[in-house]
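# Understanding the architecture of this molecule
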Amino acid sequence: MKRLLSKPRNAAPSSPADDPLPDPLNADCRVLVNGLDVPAVSGRTVAATLHAQGILAWRTNAVDGSPRGPFCGMGICRECIVTVEGMDEQRACLLMVKDGLRIGTES
Amino acid sequence: MSKQGRLTGDQTFDVAVVGGGPAGLSVARTVASHGFSVALVDENPHLGGQYFKQRTGAVLDQLGPHRPLGRQLIEDVQSAGVSCFTETVVWGIDESRALLTSHARSATAAMRITARAIVVATGAQERTMPVPGWHLPGVMSAGNALHLAAVNGVPPGRQVLIAGTGPFLLQVADEVARAGSQVMGVVEYNRPYTPSFASIKAVENPARIKEFLAYRLEMARRRIPLEQHTAVRSVVASGSRLAATLERLGSAEPRTEVTVDAVIFGWGFQPSIELVRLLGADLRRDSHDGMWIPAIDQNFATTTTGVYAVGEVAGVAGVHAALARGRIAGRAIVRALKSTRADVSDGDDARDRRLLARTERFATFVKNLYPFPTHELRDLPESTLVCRCEGVPASAVRCVDTWATTDPNAVKGETRAGMGPCQGRECAAVIQLILGNDASPPQTPRMPLRPIRTSTVAAMHSDLTEAP
């Protein structure tokens with residue numbers, strides 16, 4: 001019961017940026033993220049595809065400039081907005097990836 | 001016969017259902033099976049809503065199906081001839097109460113849907129509890145973590161912390177761990193797992209107890225700590241990771257810091273009532289959790305003629321209640337449209353109402369076991385962001401309080417809280433609680449209910465603006 005509070009287990013192997021978690025699924029297509037060709041898994045959303053690449057934030061708040069990433073995952077918070085195939089203001093959590101999809105992020 | 005509706009011009013149906021989750025699917029299947037034309041509209045790329053969200057593509061191939069009961073229901077709806085409009089946003093109504101919709105990925109595809117009955121099945125969203133740092137990338141809702149893990153096969157982070165209150169946290173811990181994240185702990189605000197007299201009531205729902213025990217067993221097997229009566233007080237960025245500060249409530253124990261890659265918050269659910277409010281339905285407060293819900297009769301008809309509210313919109317009670325409410329409302333609509341009750345089974349109705357009563361009793365029991373800590377909002381540190389979109393801190397919202405108004409729309413105008421792209425969905429309920437205003441519902445929803453393009457509106461009115 002007391003393990004978490006009294007003995008914090010902070011001994012992380014390393015930061016995730018240096019040592020990304022391997023993707024548990026095999027890629028079957030590729031998408032373009034800001035022009036960069038990255039592997040993707042069909043059936044995932046654009047938001048999940050970016051997350052699997054270790055990208056957790058891809059826009060900044062219009063008021064205070066702070067970096068933001070997906071929060072609600074169901075189309076409500078609008079923190080995951082991307083440009084897809086030239087259409088801006090798209091919710092990445094409600095869009096499915098497909099081979100060759102062009103995704104543009106603000107930051 | 002499966003129909004993917006085409007989004008164009010004006011279309012008329014017997015019944016329009018907004019929301020393709022358990023309740024919407026259930027009502028659509030019932031009504032369509034009696035031969036009526038039904039439009040089912042949902043903004044997601046696939047039907048299923050949040051609970052029955054299906055795996056597709058290579059995720060389905062590699063992980064197998066997720067919640068097959070939902071798959072079956074979706075197939076039933078499609079074979080019943082329901083016109084399904086996915087990626088379709090309902091953003092308003094016109095003066096004749098037609099639904100104004102547009103396609104999520106098109107600048108011009110728009111449609112006006114006229115129907116004899118409108119069923120609002122817009123579900124629920126997660127409740128929020130602001131905490132310093134909740135806007136940081138890597139801090140996410142429990143539902144987001146569940147979708148990432150269970151539907152997309154993406155672990156939310158190498159190491160994650162799950163906090164808030166509710167049985168949902170256990171389910172999220174289970175799915176997130178299965179996807180490959182190490183769950184450093186589940187931090188439950190309340191003390192639901194300390195046996196009490198109240199918990200005896202759970203025996204009425206053995207299936208739920210079985211689910212609970214399965215989650216606990218899996219947590220024990222994976223050595224995931226469960227802390228009760230504990231809260232996450234802040235989250236700060238720590239290099240590329242997040243440091244969460246934990247406090248055991250009512251204890252002198254020093255606070256503990258846990259460093260993780262994702263902090264997952266779940267505080268229960270609240271009905272998504274924007275559309276039903278826009279349709280003019282009277283609201284009332286749910287006597288069990290204080291949430292604002294439409295006033296409905298025993299058939300889920302609202303006070304607006306021809307407008308029904310089913311599923312979580314009618315009060316948060318879970319998937320089994322949503323399915324039963326959909327069937328009950330569906331039969332009522334069939335009776336209303338047919339003006340005869342010849343082939344609608346009263347026996348089915350009685351069975352569903354018994355099931356619903358039992359499920360709703362259990363939902364009440366759960367709400368009592370995991371109360372939302374409203375009092376925490378009064379102690380929120382001054383600089384904590386309340387409105388994420390407009391960057392409005394708790395101090396600004398409280399300031400309005402001292403200026404003598406708790407009117408939700410006045411507060412919105414004064415502080416801009418709720419004026420950003422999410423249109424108050426993440427903060428309006430919280431603001432009401434901070435102000436202690438439980439007499440009026442949160443900020444009035446405004447059209448468009450979702451941000452839309454001016455070109456969409458122009459396309460919708462192109463028939464009125466013919467070139468000279």
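Computed from a prediction, not measured in an experiment: that's the story for all the values here. (Residues numbered from 1 in each chain as written. Chains lettered and ligands numbered in written order. Predicted model: local features only at pLDDT ≥ 70, side-chain atom pairs only at ≥ 80, totals over all residues. Heavy atoms only, no water.)

Our focus in this paragraph is the overall build of chain B. The secondary structure content of chain B amounts to 14 helices and 22 strands. Considering chain B as a whole, with its 468 residues, one finds that 61% of them fall into the buried category. Sequence-distant contacts in chain B: of pairs separated by 6 or more residues, those separated by 24 or more amount to 65%. Total accessible area computed for chain B in this model is approximately 18,300 Å², and 54% of it derives from carbon and sulfur atoms. One way to put it: in chain B the 50 positive side-chain charges average out to a point 4 Å from where the 45 negative ones average out. (Helix = DSSP H or I, 4+ residues; strand = E, 2+ residues; numbered from the N terminus. Buried < 20%, exposed > 50% of the residue type's maximum accessible area, 1.4 Å probe, protein only. Contact = heavy atoms within 4.5 Å. Areas by Shrake-Rupley, 256 points an atom, 1.4 Å probe, with all protein chains shown as cover. Lys, Arg positive; Asp, Glu negative; His and termini not counted. Charge placed at Lys NZ, Arg CZ, Asp CG, Glu CD.)

This part covers the overall build of chain A. Scanning chain A for helices and strands turns up two helices and seven strands. Across chain A, helices and strands are ordered from the amino to the carboxyl terminus as α-β-β-α-β-β-β-β-β. A burial count over chain A gives 48% of its 107 residues as buried. By sequence separation, contacts in chain A at least 24 residues apart represent 36% of the contacts at least 6 residues apart. A total of about 4,900 Å² of accessible surface is found on chain A, and carbon and sulfur atoms cover 54% of it.

We now examine the packing of aromatic side chains. Residue and element names in this part refer to chain B. Considering all chains together, one arrives at nine aromatic pairs over all chains under this definition. Taking 5.5 Å as the distance between ring centres and 40° as the angle between the ring planes, the aromatic pair formed by F362 and F365 counts as tilted. Taken together, the residues span about one helical turn, with F362 and F365 both in helix 9 (residues 346-369) at a distance of three residues. The pair F362 / F365 is uniform in exposure class, with both members buried. In this structure an aromatic cluster arises from ring pairing among Y189, W267 and F372. One Lys or Arg, R127, reaches over the ring of F372 and ends 3.8 Å from the middle of that ring. The ring of W134 carries the charged tip of R388 above its face, separated from the ring centre by 4.8 Å. (Phe/Tyr/Trp six-rings, centres within 6.5 Å; stacked < 30°, edge-to-face > 60°. Lys NZ or Arg CZ within 6 Å of the ring centre and 35° of its normal.)

Attention now goes to the interface of chain B and chain A. Contacts between the two partners involve 75 residues from chain B, matched on the other side by 56 residues from chain A. Between chain B and chain A, a total of about 5,400 Å² is buried, with carbon and sulfur atoms accounting for 56% of that surface. Its largest share of buried area at the contact with chain A, chain B owes to B:P137, B:R158 and B:R388, together 12% of the area lost on that side. The tally of links between chain B and chain A comes to three salt bridges. Its salt-bridge partner being A:D88, residue B:R453 comes within 3.1 Å of it at the nearest N-O pair. At the boundary of chain B with chain A, the tally comes to 17 residue pairs in polar contact (both at pLDDT 80 or more). For the side of chain B that touches chain A, the class distribution of residues is 31 nonpolar, 26 polar and 18 charged. (Buried area = accessible area lost by both parts, 1.4 Å probe. Salt bridge = Lys/Arg side-chain N within 4 Å of Asp/Glu carboxyl O. Polar contact = N/O pair within 3.5 Å; in protein donor to acceptor, adjacent residues only side chain to side chain. Nonpolar A, V, L, I, M, F, W, Y, C, P; charged D, E, K, R; others polar.)

Let us look at a nonpolar patch on the surface. There is a patch of nonpolar side chains on the surface, built from B:F197, B:I200 and B:V203 and spanning about 380 Å² of accessible area. Looking at the secondary structure, you find B:F197 in the loop between strand 11 (182-188) and helix 6 (206-221). (Patch = residues over 30% accessible without salt bridge, like charges linked within 9 Å, V, L, I, M, F, W, Y side chains within 5 Å.)

Here we take up the sheet that holds strand 2 (residues 36-40) of chain A. Residue and element names in this part refer to chain A. The five strands are arranged 2-1-7-5-6 in an open sheet whose pairing can be described as mixed. On the outer flanks of this sheet lie strand 2 and strand 6 (87-91), each paired with one strand and no other. On average, adjacent strands in this sheet sit at an angle of 40° to one another, irrespective of strand direction. In terms of strand pairing, strand 5 (residues 81-84) meets strand 7 (residues 102-104) through two bridges, oriented antiparallel. When the bridges of strand 7 are listed, V84 appears paired with I103. (Pairing = 2+ DSSP bridges. Axes fitted to C-alpha atoms, helices over the stretch in contact; angles between N-to-C directions.)

Residue and element names in this part refer to chain A. Judged from the three bridges that link them, strand 5 and strand 6 form a sheet pairing that is antiparallel. Each residue of the ladder has a partner; that of V82, found in strand 6, is Q90. What sits between the antiparallel neighbours strand 5 and strand 6 is a turn of two residues, in which E85 has the positive phi angle 50°.

Turning to the pattern of salt bridges, a few remarks are in order. All names here are of chain B. This structure, assessed with the given rule, holds 40 salt bridges over all chains. Between R178 and D174 there is a salt bridge; the shortest N-O distance is 3.0 Å. Here R178 and its partner D174 are both found in helix 5 (residues 168-178), four residues apart, which amounts to about one turn of the helix. The exposure class of D174 is buried, given its relative accessible area of 7%. Residues K367 and D286 are paired through a salt bridge, measuring 3.5 Å at the closest nitrogen-oxygen approach.

Moving on, we get to the nonpolar core. For soluble globular proteins, nonpolar side chains are generally found buried alongside one another. All names here are of chain B. Within the largest apolar cluster, 46 residues are counted, with the highest numbers of intra-cluster contacts made by V139, V232, V235, V263, F265, V386 and I431. Looking at which element gives the most residues to this core, the answer is helix 13 (residues 428-435), with four residues. Those residues in contact with V232, other than ones at most four positions away along the chain, are V131, L161, A163, V187, A244, T245, L246 and F265. (Core = buried A, V, L, I, M, F, W, Y, C linked by side-chain atoms within 4.5 Å.)

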